[in-house]
Structure formats: structure tokens, C-alpha cells
Amino acid sequence: MSMQENERFKWISRAELYRRAWDTPLSALCKEFGVSDRGLAKKCTHHKIPTPPRGYWRLVETGQAPPQPPLPKVKEDWLNEVVFTKQPKPEPPLETTPLPEETRQAISSISLPNEPSDHHRLVRPWFAEHKRLQRERKKLIEQVDTYRWWRGGKEPVSDLTERDLYRFKITSALLSSAEAAGVKPQSAYIDGHIRFEVNGWEIKARVQEKMRRGLRPPAKDAPPWTAFLDHHQNGLGPSGFLRIAILTYLDAGRKREWVETGDVKIPDLMAEIVDRIASASEVLEAIKRKRAEQRQIQAERDRANAEAARLIQHERHRWEGFKEHARRWEEHARLLAFIDAIKARAELEPDASIDGRSITEWINWAEQKTAEMDPFQHGLGKLFDPPRR
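Residues numbered from 1 in each chain as written. Predicted model: local features only at pLDDT ≥ 70, side-chain atom pairs only at ≥ 80, totals over all residues. Heavy atoms only, no water.

K.L.:
Honestly, the overall build of the chain in this entry has me stumped. Any pointers?
P.N.:
The helix and strand inventory of the chain stands at ten helices and ten strands. Residues classed as buried in the chain amount to 30% of the 389 residues present. Within the chain, counting contacts between residues at least 6 apart in sequence, those at least 24 apart form 66% of the total. Within the structure as shown, the chain displays about 26,300 Å² of accessible surface, and the carbon and sulfur contribution to it stands at 53%. Put simply, the chain has 67 plus and 59 minus side-chain charges, and the middle of one group is 6 Å from the middle of the other. (Helix = DSSP H or I, 4+ residues; strand = E, 2+ residues; numbered from the N terminus. Buried < 20%, exposed > 50% of the residue type's maximum accessible area, 1.4 Å probe, protein only. Contact = heavy atoms within 4.5 Å. Areas by Shrake-Rupley, 256 points an atom, 1.4 Å probe, with all protein chains shown as cover. Lys, Arg positive; Asp, Glu negative; His and termini not counted. Charge placed at Lys NZ, Arg CZ, Asp CG, Glu CD.)

K.L.:
Explanation requested: the pairing of strand β5 (residues 193-198) in the structure shown.
P.N.:
Looking along a regular strand, one sees side chains alternate from face to face of the sheet. Only one face of β5 is buried: it carries I194, F196 and V198, and the other face, with H193, R195 and E197, is open. Both strand β4 (residues 184-188) and β5 contribute to a ladder of four bridges, which runs antiparallel. When the sheet's bridge partners are listed, S187 is paired in β5 with R195. Counting the residues that bridge the hairpin from β4 to β5 gives four residues, and of these G192 lies at a positive phi of roughly 105 degrees. The sheet contact formed by β5 and strand β6 (residues 201-212) spans six bridges and is antiparallel. Counted as the bridge partner of V198 is W201 from β6. Linking β5 back to β6 in an antiparallel pair, the connection comprises two residues, with N199 at a positive phi of about 50 degrees. (Pairing = 2+ DSSP bridges.)

K.L.:
Before we go on, may I ask you to explain the pattern of salt bridges in this structure?
P.N.:
A side chain with one charge can pair with a side chain of the opposite charge if their charged atoms come near. The tally for this structure, following the rule as stated, stands at 18 salt bridges. R19 is paired through a salt bridge with E16; the nearest N and O atoms lie 2.5 Å apart. With a gap of three residues between them, R19 and E16 both fall in helix α1 (residues 14-21), about one helical turn apart. On the basis of relative accessibility, which here comes to 42%, the residue R19 falls in the partly exposed class. Classification of E16 by relative accessible area gives buried; the value is 16%. (Salt bridge = Lys/Arg side-chain N within 4 Å of Asp/Glu carboxyl O.)

K.L.:
Any chance you could explain helix α6 (residues 125-143) here in plain terms?
P.N.:
For an α-helix the count is 3.6 residues per turn, leaving residues at separations of three or four pointing the same way. Helix length check: α6 (19 residues) gives 27 Å between terminal C-alpha atoms against 27 Å at 1.5 Å per residue, within 8%. All of the buried residues in α6 are W126, F127, H130, Q134, R137 and I141. For α6, the angular spread of the buried residues around the axis is 105 degrees, confining them to a single face. In this structure, α6 carries A128, R135, K139, E142 and Q143 as exposed residues pointing more than 90 degrees from its buried face. Check the buried side of α6 and you find it contacts α7 (162-180) and β4. (Expected span 1.5 Å × (residues − 1). Arc of directions from axis to C-beta.)

K.L.:
Is there a simple way to think about a nonpolar patch on the surface in this case?
P.N.:
Where nonpolar side chains cluster on the molecular surface, the patch consists of W319, F322 and F384 and spans about 330 Å² of accessible area. Looking at the secondary structure, you find F322 in helix α9 (residues 280-346). (Patch = residues over 30% accessible without salt bridge, like charges linked within 9 Å, V, L, I, M, F, W, Y side chains within 5 Å.)

K.L.:
Explain empty space enclosed by the protein to me, please; I cannot follow it from the model alone.
P.N.:
Sizing a probe to match a water molecule and rolling it over the atoms shows the empty space that remains. If you walk through the whole model with that rule in mind, you get one cavity of 30 Å³ or more. Considering only enclosed or pocket space, the largest cavity measures out at about 40 Å³ in volume. Forming the walls of the largest cavity are R163, D164, R167, E209, W225, T226, H232 and L242. Ranked by residues supplied to the lining of the largest cavity, first place goes to α7 with three residues. Of the residues assigned to the lining of the largest cavity, the class counts are two nonpolar, two polar and four charged. (1 Å grid on protein atoms, 1.4 Å probe; cavity = no way out; pocket = protein on both sides within 12 Å on 5 of 7 lines; lining within 4 Å. Points joined across faces, edges and corners; volume = space filled by probe spheres on them. Nonpolar A, V, L, I, M, F, W, Y, C, P; charged D, E, K, R; others polar.)

K.L.:
What's the story with the sheet that holds strand β1 (residues 4-5) in this structure? I'm lost.
P.N.:
Sheets are built from strands that pair by backbone hydrogen bonding, the pairs being arranged parallel or antiparallel. The strand order β1-β2-β3 describes an open sheet built from three strands, whose pairing is antiparallel. Edge strands, defined here as strands with exactly one partner in the open sheet, are β1 and β3 (81-85). Taken together, the five bridges between strand β2 (residues 9-13) and β3 define a ladder with antiparallel strand orientation. In the sheet register, I12 faces β3, and the bridge partner there is V82.

K.L.:
Just to check I follow, could you spell out the packing of aromatic side chains for this structure?
P.N.:
In this description, an aromatic ring pair is defined by two values, namely the gap between the centres and the angle between the planes. According to the stated counting rule, one finds eight aromatic pairs in the structure shown. Each ring, one from W126 and one from F168, has its centre 5.0 Å from the other, and the planes form 70 degrees; the classification is edge-to-face. In this pair, W126 sits in helix α6 while F168 sits in helix α7, placing the two residues 42 residues apart along the sequence. Of the two residues, W126 and F168, both sit in the buried class. An angle of 15 degrees between the planes, with centres 5.7 Å apart, marks the rings of W319 and F322 as stacked. (Phe/Tyr/Trp six-rings, centres within 6.5 Å; stacked < 30°, edge-to-face > 60°.)

K.L.:
Help me out: how do you make sense of the environment of I266 in this one?
P.N.:
For I266, the location among the structural elements is in helix α8 (residues 266-278). Apart from the residues lying within four places of it in its own chain, the contact partners of I266 are Y166, I170, L242, I244, W258 and E260.

Below you can see the structure in the form of C-alpha cells.
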């Protein structure tokens, strides 16, 4: 059997897949089934299909291929058909309304602040919060200073470093640029997490250092690169570049992360980042509509499945009722024959009496009960009606 398919699945016989696996390398054959070569090899193993060993096709080219093992027989019938699930094609990103040119020019004119008072209103409190963290950490260390072998895993909070100040400036510029595009910043935390409101939707983002694993650990006496070591994963070091990511899920294929490079800095990417944040509400609205449509389609599918199940159950009851009529018909015929035998016997015992009633009366009683069992007494139409439950 050659490969067959419908909207959701592809399937092929075990024997045919065995033949093709030995005619074509799995690395090429797998593309036809929409899986990786490793996934195809697992399918073959699961269905007990021998596959060419490593290096087989090179030996084929030199004419030294080993003999092909036979396809073993299997007891389970379901193994004789190999089914592959089709992967849905990714949908293209939703077309959104771009930022107006004047808004992009306004964003490009926003410069990085220099003084703490020049920062965005949500970033200015970070300087005071840093001082508070310094005091609290110092107090904590003093409280446990007598136990120098343990400081609760806490080190003193250093002064703000160049990387911290740069992150503060970029965050301020991002918040100001978002406001220029009509996006309302809701909150900004010192660890880099930001919440925006766009047309009633909450959009989460984060500005943080792009971390990397160094070839060697930093020297013990090296000054800290940030005052907020607790905000970053241990064992990683700074890359010297910032990373901005939109944490709220948008549609697949839509860029949600930007990382600086030596040639491209965050201010160069600011218009693109703000454009993505400003258009996020359109994407989320589209996702909401699509999910509502999917729920409606699923509800209709469930109703159709329920109706199909009801009809199947109805037909099953109809068939059971039909068989019950056949059983009653056989019983009715058997009882009539039995009553005829009783009538013949009654001629030999005309004076028989049971419970004060004559044999004729009892025969009439039996004929009445037997007539009630006749499946034809209500016409042929009743024979095909399902029994009431």
C-alpha cells in the first residue's frame, strides 16, 4: 500500500515503509513524512522495521553493501500500519498598523538622560531604592557579623556601576518612547520588569543585561559589574550588551527580543521595539478572536459528535428492539403450538378442572396472554421502532 493521507494524518503500510527505508536514506525519506530522520528511525523501531546501519549507503556506493535483513512478522495487527501526524503549517505574522512617521521621528529625538532627575518618573525612584537596599544589606551583615562563616549568602550592595546606570538610562528612554507612541507605562521595577497598558491590554517586558558563560571565573578581588547580583543567574557574567524582551506571548513568528551588538545599540532599535509594543494590542485582540472562533468550532464539533453518538445509540437500541421482536415472535409461535397440543389433550380430559376453572377457560387465558406477545399485533411499523427505555 502506497502512502495515503487526509487533513491530519499520513499512513503507510509497514511492508512499504520497510521497502522504502532500504531504497532511500532516512535523512531524505523523513522529509516526505514531515518528521526528522531520528523521528522516522524511532517509528521504524516501534513498528519493528529493520533500518540500514550507519555507513550503509557509503558501502552501497562501493558495491560492498551488507545483506538486507528480512522484515520480521508481528502478531499485533496495528503494527502493520504506520501513522504520521501532520504538523500544521505556521501562520504568517499578523499585519499590524505601523507607527506613524512623526512618532518614529519623535522617538529618535529622545536622548538618554544624564542626571537622576532627568530619568523617567518610574525610574527616578530606583536611585533611592538602591540606597535603601544598601542600608538594609549592611544592617543584615552587621547582625550576623559574629558568625563570619555564614552571612546568609549575601554580600554588600555596591554602588551603582556603569552597566547599572546604562540600563537605567535605556529603561527611561524606552518608557518615554512608549509614551510618545501612546502607550501607557504602568510600572517599572529595579530588576528590569516593566508593565505597559495598550488599549486595555497589559504588556509585560524586561530590560536586562545579556548574560554569558565566561571561559574562566572572575577574579575574587574584581569589582562587581552590577549592584544587583541577586537579579542574575550565578555562574554567568555580563556580555556588555543589553537585552530587551517582550514577555507577553504574541503570535508565532513575531520578534519579541532585541539584543545589542557592537554595531547596533538599543537606541537604534527603539522605534522597532516601541512599534512592537504599541501593536501588541492588535495581536492580542486577533488571538482572542481566533481562540473564540476555535472554541466555537470545537463546541460545534462536540455537538456534532454528541449527535452522532446519540444516533449510534439510537440505532443500537432499534436493533436490540428488532431482535427482541424476533425473540417474541419465536416465543409466540412456540406458545401457539403448545396451546394446540393442550387443546388436543383436552379432548381426552374434557372434565379437567384447575383452581375451580375449566380447561377451556384456562386455554382462553393462555391464548390471550400469547396474543399479547405477537409482535405483528400493532402492524409492521412498530417492528422497527426502538424500544422505550
